[in-house]
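Each chain, letter by letter, is given below.
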Amino acid sequence: MIRRGSWEVRVPSASGSEEHLPYFFLSYAHTPRHKPEDKNPDMWVEKLYHELCREVLQHTSLPSGARPGFMDIEIPPGAEWDRRLAEELATCRVFVPLYSRRYFRSEQCGKEWAAFDLRRRNNVEGRQGLPEVIVPAFWIPVPDYELPDMVKSIQFTHPDLGTHYVERGFYGMMKIKRFRDHYKSAVDALAHRIIEVAEGVRLPASEPCDYAAIKSAFNRDEQRKFQITIVAHTAESRPVYRHDRYYGGSPLDWNPYLPSSDRSIAETASEIVRELGFEPDVGTFADHRDELINVASPSCPGLVLVDPWVATDQHHRQLLRELDQANKPWVGLVIPWNETDVQLADAATDLRDELRTTLPRKIAQGRLASRKAVHGIHTLGEFETSLRPVVQELGSAYLRHVQTFPPEMSGTEHPSKPSIQDDQQGQRGMT
């Protein structure tokens, strides 16, 4: 038995007993303080952790002093951080990652995931497949296109968690009083799922790994990056007469092809880019400004998806002018244009005129396809079909401006410097 603080951990004996191992390891991304004097920004995560511990204690036979879970707040100052994390990851029964947009960009979270994943992979023998002992939870909802491929097959929703959990995550429900009952119900459901998996799978404890040598499971290959930039309104910034159903809280929520699609255009574009062998890097104009405007030499090809309605807004027009003046041929422009959108049809002439005035160079890059550039891509099916050659042609444009090659794209041979004839094919579907 090992004593850690006020808790006890009973490690497996020679007979293999694992009765007192912690039920779960809570993995989460630390939120930086806005100001040094601010309260602990992770206090809400701590609250969730303690409530999960209480639920696990209520519904199991853990004795007094046994630890129901682990969170890194239990590591005292001055302790050997890496050694302690390795020990906890080697003994917990279930790994509970709290998904957020920050989580998959966290080196520490990626190392925790990789260390636990190594342990479960070392326990495949005698099983039908990998032990299913990762129970994710939404801290803040994350769009599917931002989830690494390796985590997409792991279920993180359950009917017992409720619809408010799917829409807001635990953090969103905790912060708003009218959702507190839904929050408590979701905590109870998550605790029961942790217990069910822990007692059903019974992952054996192992020797702690060399945590310092573990690499993050979320490391991205920068040589495969393809930038996708969304320039669109939000539900708040849209013109007052524009219907809000196409928008959300972020430009990344923009879905121009309703009702044909229930996914954002960023998700659809990311899927296509990933199919072609690239790693999509999705963001807003503010996220990608340096790459789009300031950086002289490219680090990756890029695509800018433009909401026609931004042409009504001076701020967005200025951003597009800067993009146009930068005139980078490895950055393409596509304007989704839903032909069933009545409001868009009514305003078409004015919007097209404004876009043509604001983006003369980028439209000219469409060459033979310049008429299509002005009118945009009219249907979801046309968007999906047109985007594949666009991405490939942008990859070729990128190659012409760098000395090193990006990875091979699906369906193509090893990249080589394109000919002038290739360049004159035009950028079909681009605007």
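Our structure's up above, just so we're on the same page.
Residues numbered from 1 in each chain as written. Predicted model: local features only at pLDDT ≥ 70, side-chain atom pairs only at ≥ 80, totals over all residues. Heavy atoms only, no water.

### Description of the overall build of the protein
Move 1: Along the backbone of the protein there are 14 helices and ten strands.
Move 2: The buried share among the 431 residues of the protein stands at 51%.
Move 3: In the protein, 74% of the contacts between residues at least 6 apart in sequence involve partners at least 24 apart.
Move 4: As displayed, the protein offers around 20800 Å² of accessible surface, 48% of which is attributable to carbon and sulfur atoms. (Helix = DSSP H or I, 4+ residues; strand = E, 2+ residues; numbered from the N terminus. Buried < 20%, exposed > 50% of the residue type's maximum accessible area, 1.4 Å probe, protein only. Contact = heavy atoms within 4.5 Å. Areas by Shrake-Rupley, 256 points an atom, 1.4 Å probe, with all protein chains shown as cover.)

### Remarks on the environment of Pro 68
Move 1: Residue placement: Pro 68 occurs in the loop between α1 (43–58) and β4 (69–70).
Move 2: Residue classification places Pro 68 among the buried positions, given a relative accessible area of 1%.
Move 3: It is 7.9 Å that separates the C-alpha atoms of Pro 68 and Leu 21, two residues lying 47 residues apart in sequence.

### A look at the packing of helix α2 (residues 81–91) against helix α3 (residues 107–121)
Move 1: Between α2 and α3, the shortest axis-to-axis distance is 9 Å and the interhelical angle comes to 45°. Taken together, the axis directions place α2 and α3 in an arrangement best described as oblique. In the crossing of α2 with α3, the sense of the turn from one axis to the other is right-handed. Listed contacts from α3 to Trp 81, Leu 85, Leu 89, Ala 90 and Thr 91 of α2 are Gln 108, Glu 112, Ala 115, Phe 116 and Arg 119.
Move 2: Residue composition of the contact of α2 with α3, by class: six nonpolar, two polar and two charged. (Axes fitted to C-alpha atoms, helices over the stretch in contact; angles between N-to-C directions. Parallel < 35°, antiparallel > 145°, perpendicular 65-115°, else oblique. Left-handed = near helix turned anticlockwise from the far one by under 90°. Nonpolar A, V, L, I, M, F, W, Y, C, P; charged D, E, K, R; others polar.)

### Considerations on the sheet that holds strand β3 (residues 24–27)
Remark on secondary structure: sheet strands pair via backbone hydrogen bonds, oriented parallel or antiparallel.
Move 1: Taken together, the four strands give an open sheet; going across it, the order is β4-β3-β5-β6, and neighbouring strands pair in parallel fashion. In this open sheet, the two edge strands, each paired with only one partner strand, are β4 and β6 (137–138).
Move 2: With two bridges joining them, strand β5 (residues 94–99) and β6 adopt parallel strand pairing. Paired with Tyr 99 across the bridge in β6 is Phe 138.
Move 3: This element, helix α5 (residues 180–201), spans β3, β5 and β6 of the sheet and lies at about 145° to β5. (Pairing = 2+ DSSP bridges.)

### Observations concerning the sheet that holds strand β10 (residues 331–334)
Move 1: Taken together, the four strands give an open sheet; going across it, the order is β8-β7-β9-β10, and neighbouring strands pair in parallel fashion. With partners counted over all chains shown, the strands left at the sheet margins are β8 (279–284) and β10, one partner each. The average undirected angle you get between the axes of adjacent strands in this sheet is 20°.
Move 2: Bridge analysis of strand β7 (residues 225–231) against strand β9 (residues 302–306) gives five bridges, and the strand direction is parallel. If you follow Gln 227 over to β9, its bridge partner there is Gly 302.

### Focus on the side chain of Asp 324
Move 1: Structurally, the position occupied by Asp 324 is in helix α8 (residues 314–326).
Move 2: In contact with Asp 324, not counting residues within four places along its chain, are Thr 358, Leu 359, Pro 360, Arg 361 and Lys 362.

### Quick word on the packing of aromatic side chains
Move 1: On inspection of all chains with the given rule, the structure shows 19 aromatic pairs.
Move 2: Here the aromatic rings of Phe 95 and Trp 113 are separated by 5.9 Å at their centres, their planes lie at 80°, and the arrangement is edge-to-face. Taken together, the residues span a long stretch of sequence, with Phe 95 in strand β5 and Trp 113 in helix α3 at a distance of 18 residues.
Move 3: Residue Phe 95 is classed as buried on the basis of its relative accessible area of 0%.
Move 4: What makes Trp 113 buried here is its relative accessible area of 1%.
Move 5: Residues Tyr 99 and Phe 104 carry aromatic rings whose centres are separated by 5.0 Å and whose planes lie at 65° to one another, so their mutual orientation is edge-to-face.
Move 6: Assessed through its relative accessible area of 0%, Tyr 99 is described here as buried.
Move 7: The class of Phe 104 is buried, set by a relative accessible area of 9%.
Move 8: The aromatic ring of Trp 337 is capped on one face by Arg 352, whose charged end is 4.5 Å from the ring centroid. (Phe/Tyr/Trp six-rings, centres within 6.5 Å; stacked < 30°, edge-to-face > 60°. Lys NZ or Arg CZ within 6 Å of the ring centre and 35° of its normal.)

Nothing here speaks to function; it is all geometry.
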